[in-house]
Amino acid sequence: MKLPFDLDASEEVTALRAAGIPVDAQGNAERGFLFVRFGEGRGKQINIFRWFAGGVGQDHRDYGAASRSREHSAALSGGMLNGWMPN
């Protein structure tokens with residue numbers, strides 16, 4: 001989702017919620033992951049939002065299985081998985 005850079009916080013929260021992204025009053029995702037990056041569109045500065053309902057890199061339909069698989073892989077590699085510690 002692309003939004004103008006100069007939106008005030010309440011307008012941004014309203015737009016994110018209208019798009020179905022669950023955010024709190026400060027614009028933080030209540031679940032999943034919300035990534036924001038700066039960009040330009042037609043000469044205007046914009047914020048580009050990407051929301052992932054589940055964890056990044058996992059199938060949100062079977063979170064438990066993905067989590068167990070990640071923990072198992074991390075245990076086999078000495079507690080590290082692709083440079084990241086399991087949570």
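Residues numbered from 1 in each chain as written. Predicted model: local features only at pLDDT ≥ 70, side-chain atom pairs only at ≥ 80, totals over all residues. Heavy atoms only, no water.

Undergrad: So what's going on with the packing of aromatic side chains? Residues and values would help.
TA: Enumeration over the complete set of coordinates arrives at three aromatic pairs. Look at F5 and F38: their rings are 5.5 Å apart centre to centre, the planes differ by 85°, and that puts the pair in the edge-to-face class. Of this pair, F5 sits in the loop between β1 (2–4) and α1 (9–18) while F38 sits in strand β2 (residues 33–41), placing them 33 residues apart in sequence. Exposure remark for F5: the relative accessible area of 43% places this residue in the partly exposed category. Among the residues examined, F38 registers a relative accessible area of 44% and is labelled partly exposed. For the ring pair F35 and F52, a centre distance of 5.7 Å and an interplane angle of 75° mean the geometry is edge-to-face. With F35 in strand β2 and F52 in strand β3 (residues 44–52), this pair connects stretches of sequence that are 17 residues apart. You can call F35 partly exposed: its relative accessible area is 40%. (Phe/Tyr/Trp six-rings, centres within 6.5 Å; stacked < 30°, edge-to-face > 60°. Helix = DSSP H or I, 4+ residues; strand = E, 2+ residues; numbered from the N terminus. Buried < 20%, exposed > 50% of the residue type's maximum accessible area, 1.4 Å probe, protein only.)

Undergrad: Tell me about the pairing of β3, and please be specific about residues and values.
TA: As judged from the three bridges shared by β1 and β3, these two strands associate in the antiparallel manner. From the neighbouring strand, K2 faces β3, where its bridge partner is I48. The pairing of β2 with β3 spans nine bridges and is antiparallel. From the neighbouring strand, G41 faces β3, where its bridge partner is K44. Linkage of β2 to β3, two consecutive antiparallel strands, is achieved through a turn of two residues, within which R42 is found at a positive phi near 50°. (Pairing = 2+ DSSP bridges.)

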